[in-house]
Structures are given as C-alpha cells and as structure tokens.
Amino acid sequence: MSALFEPATLCGIRLRNRIIRSATHEGLADERGAPTPALAALYRRLARGGAGLIITGEAAVMINGRS
C-alpha cells in the first residue's frame, strides 16, 4: 500500500493518513463574516471523505481583513 494512506504523526497529532487538505477561501461566510450552515456542511463532507488533516480556511478578526 502507498505511504500516502499510512498513518502519520504531526507535532504529536496522530493522523489516520497523509492526505492533507490545505486552507482555502470557500466564500461560504455570511455578510458579517460568520460561518454559515453551508460552511459547516462542507467541513462535515471533508471530514467524512477521509482526509487525515483538514486545515480550515481564512477567518478575519477585523473587518478590513475580510476577503
């Protein structure tokens, strides 16, 4: 079996495989920048899809940091 599907440890965190989903801008926040049900549903699908690690997308802490 490919090493891609073997477990790994990253900074003390055990991953079930070496598939990592990088941070992206999903464009699924509301007009205030708050997460929406659609964004929660996306992360549920990604988690069920089998990635060993999911790095969440952008989150602005100030209004001028929003994309």
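Structural data are supplied above this passage.
These notes cover the structure that comes with them.

### Examining the pattern of salt bridges
Now for step 1: Evaluated as defined, the whole model comprises two salt bridges.
Now for step 2: For R21, the salt bridge is made with E26, and the minimal N-O distance between the two is 3.1 Å.
Now for step 3: Accessibility expressed as a relative area gives 22% for E26, which makes it partly exposed.
Now for step 4: The closest approach of N and O atoms between R32 and D30, which form a salt bridge, is 3.0 Å.

### Things to note about unusual backbone geometry
Now for step 1: Even without glycine at this site, C11 takes up a positive phi of about 50°.
Now for step 2: Relative to the helices and strands, C11 resides in the loop between strand 1 (8-10) and strand 2 (13-15).
Now for step 3: The exposure class assigned to C11 is exposed, which follows from its relative accessible area of 79%.

Reading the values: rules and limits
Residues numbered from 1 in each chain as written. Predicted model: local features only at pLDDT ≥ 70, side-chain atom pairs only at ≥ 80, totals over all residues. Heavy atoms only, no water. Salt bridge = Lys/Arg side-chain N within 4 Å of Asp/Glu carboxyl O. Buried < 20%, exposed > 50% of the residue type's maximum accessible area, 1.4 Å probe, protein only. Helix = DSSP H or I, 4+ residues; strand = E, 2+ residues; numbered from the N terminus.

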